[in-house]
Amino acid sequence: MTISLAEQDETQLGGPLSVLVRQKRDHITLNRLLHELGEAALDRQDEVLRRIYRLVFAHAFAEEAVLWPVLRRVLPDGKDLTLQVEQEHQEVNELVTRIEQTPAGSTDRQSLLDRLVEVLREDVRDEEDQLLPQLQARVDHRRLVALGIAWEAVRRIAPTRAHPVVARRPPGNALAAVPLTVLDRLRDRADSRIQHSSGAPWLERVSAKLTRASHAVEHAPFFRRGEDPTTARSDDEDPAVRER
Ligand SMILES: [Fe+2]
Ligand SMILES: [Fe+2]
């Protein structure tokens, strides 16, 4: 019998260093940002979305690199459970890629945003109600703290953008993280300066070049190593060019 993280306080979850507390805190921040997105006027949507992306992509990357491999080892149904959340993460990556290519204010974009919010909420529920309570039941407090420290360390140096083409599992995702983290974080800086300097054409060119560079990098075949073939809905197609 396991209890959802939502129904446990921080002491029950192992204290501030535990991976369970760190996960729950990020999920609460995400919930607040999703609410903010729902209330945001059209001209503020992109800014709120950027904050959501910076939170969720690094968070999910660290789950895929640090936590899910442990769950596959300690839970009898760990393979199926982690595959399900990897599919959710993959859908988030594909949706964000499509949102970035769809004009603001269009009906298409609104349906993509609605689905994005839905999948992010499903992912949090699967983790808080199933995966993480089962991890809690199988490992001791020291392991929860060790996982918390490892997860946080990876989260801080992880990619912050959608990368639907790379694997959701090691070793592909870990190899891809090195160049993609650098490119993503440079793009974050360029985009935030664009936002605060109202239209600097050279910065927009820099951001576009970084985007092209990261698309080129993520297509390297060895960055797909380790992937379960059913993670993506369509394995061979790049969702950035898939027809809607
Ligand atoms: Fe999570
Ligand atoms: Fe997740």
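Residues numbered from 1 in each chain as written. Chains lettered and ligands numbered in written order. Predicted model: local features only at pLDDT ≥ 70, side-chain atom pairs only at ≥ 80, totals over all residues.

(A) Representation of helix α7 (residues 201-218) within the structure. If you check α7, its first and last C-alpha atoms are 26 Å apart, about what 18 residues at 1.5 Å a residue would give, namely 26 Å. Every buried residue of α7 is listed here: Leu210, Ser214 and Glu218. Buried residues of α7 fall within an arc of 60 degrees about the axis and therefore sit on the same side. Opposite the buried face of α7, at more than 90 degrees from it, the exposed residues are Pro201, Trp202, Arg205, Ala208, Arg212 and Ala216. Among the structural elements, α6 (172-196) are those in contact with the buried residues of α7. (Helix = DSSP H or I, 4+ residues; strand = E, 2+ residues; numbered from the N terminus. Expected span 1.5 Å × (residues − 1). Buried ≥ 20, exposed ≤ 12 C-beta atoms within 10 Å, placed from the backbone. Arc of directions from axis to C-beta. Contact = placed C-beta atoms within 7 Å.)

(B) Spatial organisation of the packing of helix α1 (residues 19-39) against helix α4 (residues 107-138). Two elements in contact, α1 and α4, have axes separated by 11 Å at closest approach and are oriented at 165 degrees. Overall, the two elements α1 and α4 adopt an arrangement that is roughly antiparallel. Pair α1 / α4 crosses with left-handed handedness. Residues Leu20, Gln23, Lys24, His27, Leu30 and Leu34 of α1 form the contact with α4, whose participating residues are Val117, Leu120, Val124, Glu127, Glu128, Leu132 and Gln136. Considering only residue class, the contact of α1 with α4 consists of seven nonpolar, three polar and three charged. (Axes fitted to C-alpha atoms, helices over the stretch in contact; angles between N-to-C directions. Parallel < 35°, antiparallel > 145°, perpendicular 65-115°, else oblique. Left-handed = near helix turned anticlockwise from the far one by under 90°. Nonpolar A, V, L, I, M, F, W, Y, C, P; charged D, E, K, R; others polar.)

(C) Representation of the domain arrangement of the protein chain. Each domain of the protein chain was delimited in the assignment, giving domain 1 (13-158) and domain 2 (161-228). One C-alpha centre belongs to domain 1, the other to domain 2, and the line joining them spans 19 Å. Across the boundary between the two partners, domain 1 contributes 19 residues, which contact 15 residues of domain 2. Listing elements by their share of the side of domain 1 that touches domain 2, those giving two or more residues are α2 (42-74) and α3 (78-100). The element best represented in the side of domain 1 that touches domain 2 is α2, accounting for nine residues. Partitioning the side of domain 1 that touches domain 2 into residue classes produces nine nonpolar, four polar and six charged. (Domains from an automatic or database assignment.)

(D) Layout of the packing of α1 against helix α5 (residues 141-156). Interaxial distance between α1 and α5 falls to 7 Å at its minimum, and their mutual angle equals 45 degrees. When the axis of α1 is compared with that of α5, the two are oblique. Packed against α1, whose contacting residues are Val19, Leu20 and Arg22, the element α5 presents Leu144, Leu147, Gly148, Trp151 and Glu152 at the interface.

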